[in-house]
Structure formats: structure tokens, C-alpha cells
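Listed here are the chains, written in short residue letters.
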Amino acid sequence: MRYQRSSALYQAAQKVIPGGVNSPVRAFKAVGGTPIFVEKAKGAYLYDEDGNRLIDYISSWGPVILGHAFEPVIKAVIERAKLGTSFGMPTALETEIASLAVQMVPNIDKIRFVNSGTEACMSAIRLARGVTGREKIIKFAGCYHGHSDSFLIQAGSGAVTFGSPNSPGVTQGTAKDTLLAKYNDLESVAEIFKENENQIAAIIVEPVAGNMGCIPPKEGFLEGLRSFCDAQGTLLVFDEVMTGFRLAPGGAQEKLGVKADIITFGKVLGGGLPVGAFAAKNEIMQHLAPEGPVYQAGTLSGNPLAMAAGLAMLTELNKNPSIFSSLEAKTKTLHEGMESILLRKGMPFQINRFGSMISLHFTAEEVVDFETAALGNNDFFKKYFHGMLDEGIYLPPSAFESYFLNDALSMEDIYFTLKAFEKTINGF
Ligand SMILES: *Cc1c(COP(=O)(O)O)cnc(C)c1O
């Protein structure tokens, strides 16, 4: 494939945009090479600026679960745009999508819309702190909750230490209130609770982790978090920005049967437009301004174009829940195909899969947390990524990301992908 135009566009972009991109993972730093500039997309396919067609396994990092340029979403946005793009006043549309979300997601009475997953998680934690009157939170190494200060903290040497910021600009003062635990390790959580008795406002967790590859929760892990929270008056926040409306109509809560106190959303909820949200029962949401004292606001929150896209998306998922099983079946076919090719080749690998999320790590160790995810061989991953790209398959350009399948992918696309996979792996 040729990437001449992409290269030229990347050069031009770097002059006026830091690193040439508006979100770092797009820059291909982990895999090397030139980021591909997309011109348009339809269904399961991306068309880049050089005219290459790529089968897309990112789906905009999750949002376009029904494929690109999905007709009902596009139509809703176009129709809505003709009526004005933003008012800074309430619209009936917001109540309509809120009602549908509350109906689809278990265990919530009210939902507040924001503009991104980052904003949703940031606001959810402020709300948890406001409700409990406590300052400390627990997060898990390798879980991503957007780029607000409290979350840019990673494991130091031990899991049970005060976090140190992993980005300049995050203050020690902020970092000290974020306590780090190990994903799938209840012992690490128990120790933090013991050392900070009745001081933890919230645990925030990705119920299925998707930002260190895909890492499903071990049996009993989320239930364990639930009981710790119940015992100490801590709120359990499920960050469902990735899993919400992807694993099931009611997200991970429904799929895994564990109830959270506050749930955050993004990605699929906006159908490809910038939307985030957080939701909870009345007794928690009543603390939020203007009903209560916990402040949170947004000039473009509940934006009519974004709400129209989200409503069209949720309506489709709600009336046709077989989408979730069909997506899972496609992902399973991909999984089994990759597995048999890798076994034949005799390469060390782990494939983790949950619903329509899947990832491949080149390591013999079971991948259950950040440490084990980091054992993957990145040279293999780079070679794999570029090999697949040469065959017209667009994978996440980092081993620490999950693939997100979309329902426009046909079984033929999956088989085509597996052929490309076999060719790539045999080239190792
Ligand atoms: C993507 C993501 C976020 C951040 O959402 P943005 O819209 O990128 O700000 C937060 N949490 C999880 C689990 C995510 O996957």
C-alpha cells in the first residue's frame, strides 16, 4: 500500500498540531511508521487519503458499534442540524435520550450528559467525593479513566503505595489522593482499605478492562469490590465508557450481574459524536447542581446534534439486542481462527476476549493485569501490526488497546482478516 498523501498530511499537521494529532495514540508512536489519514468510512471499511481500503477493528475506539456512517445516525444528525446546532437551553431531545438510557441501564434513576468520557469520570469522582465527604479514591494500575489529573497516576514499585503522577503537570497533592491497586487482585484492595479505614470515597474500575489490551475480570473480583464498598460506605464507580452499550444493552452491570453506585458512559452513547454521561440512583444524583451542591456544568452538554446521534444509536441497540450476540459470535470466530494459526506456528501468545472486545499479547504468561500485559513482546507486536496493515487490516496501533468489532463486519471480512493474519504470522 502507498501512504504518500498520509505522509504529506502528517508533515503538514506536525507544523501546527503537537505531534500532528489531537490524541496521542493516533501518532503510531508504539508501532512506528506514518499515521494514516482517513478520508471517509462506510460500514466496516475505512478509506484513507491515498485511496486504500482498510477493514477497521477500532471502530473509532468503540463508538461506531454498528459500523461507520450508519444511516439512522447520519440521518438524525442531518435533520437535527437544520434546526440549529446549539442553544444553551434545554431541549425535549435530552429527556428522550435520558429516558431511554435509564430504561436500558440497570440500577440508575438519572443521567447527566457531558461531552467526553474524561469529563464523565472526572465528574463522577467529584460527585462521589461530594456525597461521601471523603477525598481518597482507589484506581487500578492500567485502567484508563480519561486524562483528568486524578487518573493520570500509575503504579510505583508496589501496588499498595501512594501514587506518583505519570505526567508532568499533575501535582503531588492530587496524586496523593489516588491510591493504586492491582486489577484482579482483591488482596491489594483489602490492604488499601485497611490502611485508609473509612477514608475512601470511591473505587473506580473498568468492569472489563480495555486499556491494557482486553482484560476480563476474574470471577469474584467485581463482587469483592462491591463488598469492600458496602462494608466501608465507599461508592463503587463502574467506568463503562468502553463497555456501556457495547457488552449488552445495559452494559457490564447487566452482563456481569454486579451493581455499581455510579456509572460513567461515553463512546457508543454518542454514536460517534462527542458525548459522555454519568448516572446513578436518585439518592446520589440529587447531590448534583442545580438540585444539590456538587457543581458540574457544560456549555455544549446535551448538544442537540450529539443527542440526536446518541438517541438514534441507542434506539437501534434497544430494539435489536441480537446485535450483541452477533457481535460476540464474530469476535469468537476471529478468536478461534487466530488461536489455531498461532498454535500451529508455535508462538507464545495470549488472546483475551470479552463480548466484542479482544486483544492479542505476545507472551506465554496469562494476562490478568497491567504487569502481565506489559510482558508482551513489543517487537513482535510492531511486526504484527504493520504486517496486518499491509494486508489492509487496521488494528489498534498499540498492544495496550483492545480491538472493537462493529456489526458491519461480515463473516467474509473476518475470514479475510484471518487469511491476512495467517500470512502475517507465517512471515515471523
Ligand atoms: C475512552 C475512555 C475514557 C475517556 O473517554 P474520552 O471520551 O476519550 O475522554 C474513559 N474511560 C474509559 C474506560 C475509556 O475507554
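On a predicted model such as this, the values are computed, not experimentally measured, just so you know.

Asker: Quick one: what's the story with the sheet that holds strand β2 (residues 45-48), residue by residue and with numbers?
Answerer: Sheet architecture is open: 4 strands sit in the order β1-β2-β3-β15, paired in mixed fashion. In this open sheet, the two edge strands, each paired with only one partner strand, are β1 (38-42) and β15 (393-394). With 3 bridges connecting them, β2 and strand β3 (residues 53-56) associate as antiparallel partners. Across the sheet, residue Tyr-45 finds its bridge partner in β3, namely Ile-55.

Asker: So what about unusual backbone geometry? Which residues, and what values?
Answerer: Note: most peptide bonds trans; most residues except glycine with negative phi. A cis amide bond, omega 5°, links Ala-289 with the succeeding residue Pro-290. Despite not being glycine, Phe-28 has its phi angle at roughly 65°, a positive value. When you line up the elements, Phe-28 lands in the loop between α1 (4-16) and β1.

Asker: So what's going on with empty space enclosed by the protein? Residues and values would help.
Answerer: This structure, assessed with the given rule, holds 1 cavity of 30 Å³ or more. Size it by volume and the largest cavity reaches roughly 30 Å³. The wall of the largest cavity is formed by Leu-334, Met-338, Tyr-384, Met-388, Leu-395, Tyr-403, Thr-417 and Phe-421. Elements with a contribution of two residues or more to the lining of the largest cavity: α11 (322-345), α13 (378-390) and α14 (411-426). Here the lining of the largest cavity is built from residues that sort into 7 nonpolar, 1 polar and no charged.

Asker: If you had to explain the packing of helix α6 (residues 186-195) against helix α7 (residues 221-232) to someone new, which residues and values would you point to?
Answerer: Viewed as axis vectors pointing N to C, α6 and α7 meet at an angle of 10°, and their least axial separation amounts to 10 Å. Relative to α7, α6 is oriented roughly parallel. Within the contact between the two elements, α6 uses Leu-186, Val-189, Ala-190 and Phe-193 and α7 uses Phe-221, Gly-224, Leu-225, Phe-228 and Gln-232. When its residues are assigned to classes, the contact of α6 with α7 shows 7 nonpolar, 2 polar and no charged.

Asker: Explain the site of the ligand residue by residue, including any values.
Answerer: If you check the shell around the ligand, you find Ser-116, Gly-117, Thr-118, Tyr-144, His-145, Gly-146, Glu-206, Asn-211, Asp-239, Val-241, Met-242 and Lys-267 and nothing else. Side-chain polar atom of Thr-118 to an oxygen atom of the ligand: 2.6 Å apart, as the coordinates give it. At 3.3 Å, a side-chain N or O of Asn-211 approaches an oxygen atom of the ligand. Burial of the ligand by the surrounding chains reaches 83%, relative to a free accessible area of 380 Å². For the shell around the ligand, the per-class residue count stands at 3 nonpolar, 6 polar and 3 charged.

Asker: An account of the domain arrangement of the chain is needed here, citing residue identities and associated values.
Answerer: Parsing the chain into structural domains produces domain 1 (4-69 + 321-426) and domain 2 (71-319). Here domain 1 and domain 2 have C-alpha centroids that lie 25 Å from each other. Taken together, the contacts link 33 residues of domain 1 with 35 residues of domain 2. Taken together, the two surfaces of domain 1 and domain 2 that pack against each other cover about 2700 Å², and 68% of this comes from carbon and sulfur. Interface area lost by domain 1 to domain 2 is led by Phe-324, Phe-354 and Met-357, which between them contribute 25%. The interface formed by domain 1 and domain 2 contains 3 salt bridges. Residue Lys-42 pairs with Glu-71 through a salt bridge whose shortest N-O separation is 3.3 Å. In terms of residue count, the dominant contributor to the side of domain 1 that touches domain 2 is strand β14 (residues 357-361) (4 residues). Its residues assigned to classes, the side of domain 1 that touches domain 2 shows 19 nonpolar, 8 polar and 6 charged.

Asker: Explain the pairing of strand β13 (residues 350-354) to me, using residue names and the numbers behind them.
Answerer: Burial within β13 is extensive, with 4 of its 5 residues counted as buried. Where β13 and β14 come together, 5 bridges link them in antiparallel fashion. Bridging from a neighbouring strand, Phe-354 pairs with Met-357 of β14. Counting the residues that bridge the hairpin from β13 to β14 gives 2 residues, and of these Gly-355 lies at a positive phi of roughly 60°.

Asker: Provide a residue-level description of the environment of Ala-120, including the pertinent values.
Answerer: Position of Ala-120 among the secondary structure elements: in helix α4 (residues 117-132). Each C-alpha atom, one on Ala-120 and one on Gly-88, is 19 Å from the other, the two residues being 32 residues apart in sequence. Ignoring anything within four residues of it in the chain, the contact list for Ala-120 reads Val-114, Thr-264, Phe-265, Gly-276, Ala-277 and Phe-278.

Asker: Can you explain the environment of Ala-374? Please cite residues and give values.
Answerer: Considering the arrangement of structural elements, one finds Ala-374 in the loop between α12 (370-373) and α13. Owing to a relative accessible area of 41%, Ala-374 belongs among the partly exposed residues under this scheme.

Asker: Talk me through the layout of surface pockets; I want residue IDs and the actual numbers.
Answerer: Over the atoms, a rolled probe matching the size of one water molecule traces out where space is still vacant. Estimated volume of the second largest pocket: approximately 550 Å³. What lines the second largest pocket is a set of 24 residues, among which Pro-90, Glu-94, Arg-112, Ser-301 and Gly-302 lie closest to the centre. Of all the elements in the fold, those that place two or more residues in the lining of the second largest pocket are α3 (92-104) and β4 (110-114). Partitioning the lining of the second largest pocket into residue classes produces 12 nonpolar, 10 polar and 2 charged.

Asker: Tell me about the side chain of Asn-352, and name the residues and values.
Answerer: Topologically, Asn-352 is positioned in strand β13. Reaching out from Asn-352, the side chain makes a polar contact with the backbone oxygen of Val-367 at a distance of 3.1 Å. Leaving out residues up to four positions away in the same chain, Asn-352 has contacts with Cys-214, Ile-215, Pro-216, Met-357, Ile-358, Ser-359 and Val-367.

Asker: If you had to explain the confidence of the model for the chain to someone new, which residues and values would you point to?
Answerer: Chain-level statistics for the chain give a pLDDT mean of 95 and a share of 97% at 70 or above. Per-element mean pLDDT across the chain ranges from 64 in strand β7 (residues 164-165) up to 99 in strand β12 (residues 276-280). pLDDT under 50 marks residues 155-162. Its contacts with residues more than four places away, or in other chains, come to 15 contacts.

What counts and what doesn't
- Residues numbered from 1 in each chain as written.
- Predicted model: local features only at pLDDT ≥ 70, side-chain atom pairs only at ≥ 80, totals over all residues.
- Heavy atoms only, no water.
- Pairing = 2+ DSSP bridges.
- Helix = DSSP H or I, 4+ residues; strand = E, 2+ residues; numbered from the N terminus.
- 1 Å grid on protein atoms, 1.4 Å probe; cavity = no way out; pocket = protein on both sides within 12 Å on 5 of 7 lines; lining within 4 Å.
- Points joined across faces, edges and corners; volume = space filled by probe spheres on them.
- Nonpolar A, V, L, I, M, F, W, Y, C, P; charged D, E, K, R; others polar.
- Axes fitted to C-alpha atoms, helices over the stretch in contact; angles between N-to-C directions.
- Parallel < 35°, antiparallel > 145°, perpendicular 65-115°, else oblique.
- Contact = heavy atoms within 4.5 Å.
- Near = heavy atom within 4 Å.
- Polar contact = N/O pair within 3.5 Å; in protein donor to acceptor, adjacent residues only side chain to side chain.
- Areas by Shrake-Rupley, 256 points an atom, 1.4 Å probe, with all protein chains shown as cover.
- Domains from an automatic or database assignment.
- Buried area = accessible area lost by both parts, 1.4 Å probe.
- Salt bridge = Lys/Arg side-chain N within 4 Å of Asp/Glu carboxyl O.
- Buried < 20%, exposed > 50% of the residue type's maximum accessible area, 1.4 Å probe, protein only.
- pLDDT = per-residue confidence, 0-100.

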